[in-house]
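Now for the letters of each chain:
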Amino acid sequence: MPDEVPFTADRVADLMEVLRTPEHQAGLEETTFTVVSVADRAAGLIRVSGTISGTHSLQDWAGPNIAVRLSLPERSSEFAGIDGAPDTTARVYTVADVDIESRTVAIDIVRHGESSPAMKWLGRVRSGDVVPVAGPRPHRVPGSGSPRILLADSSALPAAVRILTRLPIEAPTVLVAAAPLDEIDLVEGDLGDRRDFVTVQRAEPGVDRPLATTFAGMEVPAGASVWAAGEREDVREVRRRCRDDLVLAAEGIQVFGYWKRGISNTRIDVARLEAARSSMEAGRGVFATDDLDIEI
Ligand SMILES: Cc1cc2nc3c(=O)[nH]c(=O)nc-3n(C[C@H](O)[C@H](O)[C@H](O)COP(=O)(O)OP(=O)(O)OC[C@H]3O[C@@H](n4cnc5c(N)ncnc54)[C@H](O)[C@@H]3O)c2cc1C
């Protein structure tokens, strides 16, 4: 397990090399995000809006599921005392909204109960603060199939809403949301005129793997398309059912872990970089290993 291997200056420097490979950098712009407002959207969801530096068009930032990587001004506890380790912490968020003309981008951040780099930053971020941002990185969208089932926890609802409002709705569509009621109300509002074409269903609250638990009780036809994002072990179980029990077509299964309970994203990133390096050493692409198959 990666978290049992101690971090050292050499190991960190070695992994940083992977980040600089052309394949990893492809399509990424290094810009800055200057915060213009911080506002509660729901009890546990904060919208941070900011402007993106430069004069390049932000057209690509307005796609259906675009993620960006913020370099937050907090050192990850894993790297304390290690020479050469980054003194910022990278965290990935979905572009929840973009105004191309004013170059304003909004991200919706879940306020979770752990003490973490993003939560420390969220506690003190103010209008005028500037953070480096890398993006836009297009993320997974549903594959073809009918019906379309999207499953998302609070961290992935911004992505689900962008998908549902940016892509055509060509099949009966269900959104299963593992989120508090106030966030589900927000989603219904954010869907706008798409609301009439999407069945929004709340995942069973208070259970260990809410998305997988609700999904297990759903009838899923052979031609379905399933998109799921959220807690890694929860969505991994969704993927297992799609592959092993339902035997859906690979293209119709689009599942990605956004965070993992009890493990910081810094450790997840280190595991990803190690998988990328092994893959490159084996002569395959940087992203050849399916993220959910990486041992974390
Ligand atoms: C493509 C992509 C898009 C994403 N989009 C968004 C988004 O739009 N909004 C958003 O809020 N998140 C989003 N995330 C998830 C976000 O990057 C992680 O939640 C990240 O770990 C938060 O960093 P942190 O510093 O708060 O916590 P970390 O330092 O990574 O983790 C510290 C502890 O907090 C726990 N933790 C982390 N995130 C959560 C959570 N969401 N709920 C409960 N506990 C948690 C961890 O399990 C760990 O125990 C996205 C992730 C990906 C990969």
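Every value quoted in this text rests on a predicted model; they were computed, and no experiment measured them.

So, on to the site of the ligand. In the neighbourhood of the ligand, 26 residues make up the surrounding shell, with Val92, His112, Ser116, Lys260 and Asn265 lying closest. His112 places a side-chain nitrogen or oxygen 2.7 Å from an oxygen atom of the ligand. Ser116 is positioned with one of its side-chain polar atoms (N or O) 2.7 Å from an oxygen atom of the ligand. Protein contact buries 92% of the 900 Å² of open area that the ligand shows by itself. Per element, the largest residue contribution to the shell around the ligand is 4 residues, and it comes from strand 4 (residues 89-94). Split by residue class, the shell around the ligand holds 13 nonpolar, 8 polar and 5 charged.

Moving on, we get to the nonpolar core. Within the largest apolar cluster, 25 residues are counted, with the highest numbers of intra-cluster contacts made by Phe33, Val48, Trp61, Leu70, Ile109 and Trp121. At the level of secondary structure, the elements contributing two or more residues to this core comprise strand 1 (29-42), strand 2 (45-52), strand 3 (66-72), strand 6 (104-110), helix 3 (117-124) and strand 7 (130-138). Leaving out residues up to four positions away in the same chain, Leu70 has contacts with Phe33, Thr89, Ala90, Arg91, Tyr93, Ile107, Trp121, Val131, Pro132 and Val133. Among the nonpolar cores identified, the runner-up in size contains 22 residues, and Ile149, Phe215, Cys242 and Leu248 belong to it.

What follows deals with unusual backbone geometry. Note that the residue after Gly135, namely Pro136, is joined by a cis bond; omega there is 0°. Here Pro136 lies in strand 7. Along the chain, Ser146 connects to Pro147 via a cis peptide bond; the corresponding omega equals 0°. With respect to the helices, strands and loops of the structure, Pro147 is situated in the loop between strand 7 and strand 8 (148-153). A positive phi angle is found at Arg103, which is not glycine, with a value near 60°. Tracing the backbone shows Arg103 in the loop between strand 5 (97-99) and strand 6. Among the residues examined, Arg103 registers a relative accessible area of 15% and is labelled buried. At Val247, a residue that is not glycine, the phi angle is positive and equals roughly 50°. Tracing the sequence through the fold places Val247 in the loop between helix 7 (232-245) and strand 12 (253-259).

Strand order in this open sheet of 5 strands is 10-9-8-11-12, and the pairing throughout is parallel. One side of each edge strand has no neighbouring strand; the edge strands of this open sheet are strand 10 (198-202) and strand 12. Pairwise comparison of adjacent strand axes, ignoring direction, gives a mean angle of 10° for this sheet. Contacting strand 8, strand 11 (225-231) and strand 12, helix 7 crosses the sheet at an angle of about 160° to strand 11.

So, on to the packing of aromatic side chains. On inspection of all chains with the given rule, the structure shows 1 aromatic pair. For the pair Phe256 and Tyr258, a centre-to-centre distance of 6.2 Å together with 65° between the ring planes defines the contact as edge-to-face. Overall, Phe256 belongs to the buried group, its relative accessible area being 15%.

Bringing the UniProt feature "domain: FAD-binding FR-type" (unreviewed entry) in the protein into the picture now. The positions UniProt marks with the feature "domain: FAD-binding FR-type" (unreviewed entry) are residues 28-143. Helix makes up 7% of residues 28-143 and strand 47%. Its end C-alpha atoms lie 24 Å apart.

Tracing the backbone through its elements, the reader meets Arg124 in helix 3. For Arg124, a relative accessible area of 40% corresponds to the partly exposed category. Along the primary structure Arg124 and Val141 are separated by 17 residues, whereas in three dimensions their C-alpha atoms are 33 Å apart. Each residue touching Arg124, except ones within four places of it in the same chain, is listed here: Pro73, Glu74 and Asp129.

Let us now look at the domain arrangement of the protein. We note that the domain assignment places domain 1 (2-138) and domain 2 (148-259) within the protein. Taken together, the 17 residues of domain 1 in the interface contact 14 residues of domain 2. When the buried surface of domain 1 facing domain 2 is broken down by residue, Arg41, Pro64 and Asn65 rank first, second and third, together holding 39% of it. With a closest N to O distance of 3.1 Å, Arg41 and Asp190 form a salt bridge. At the boundary of domain 1 and domain 2, one finds 4 residue pairs in polar contact (both at pLDDT 80 or more).

Conventions we followed
Residues numbered from 1 in each chain as written. Predicted model: local features only at pLDDT ≥ 70, side-chain atom pairs only at ≥ 80, totals over all residues. Heavy atoms only, no water. Near = heavy atom within 4 Å. Polar contact = N/O pair within 3.5 Å; in protein donor to acceptor, adjacent residues only side chain to side chain. Areas by Shrake-Rupley, 256 points an atom, 1.4 Å probe, with all protein chains shown as cover. Helix = DSSP H or I, 4+ residues; strand = E, 2+ residues; numbered from the N terminus. Nonpolar A, V, L, I, M, F, W, Y, C, P; charged D, E, K, R; others polar. Core = buried A, V, L, I, M, F, W, Y, C linked by side-chain atoms within 4.5 Å. Buried < 20%, exposed > 50% of the residue type's maximum accessible area, 1.4 Å probe, protein only. Contact = heavy atoms within 4.5 Å. Pairing = 2+ DSSP bridges. Axes fitted to C-alpha atoms, helices over the stretch in contact; angles between N-to-C directions. Phe/Tyr/Trp six-rings, centres within 6.5 Å; stacked < 30°, edge-to-face > 60°. UniProt positions renumbered as here; feature names shortened; annotations may be inferred. Domains from an automatic or database assignment. Buried area = accessible area lost by both parts, 1.4 Å probe. Salt bridge = Lys/Arg side-chain N within 4 Å of Asp/Glu carboxyl O.

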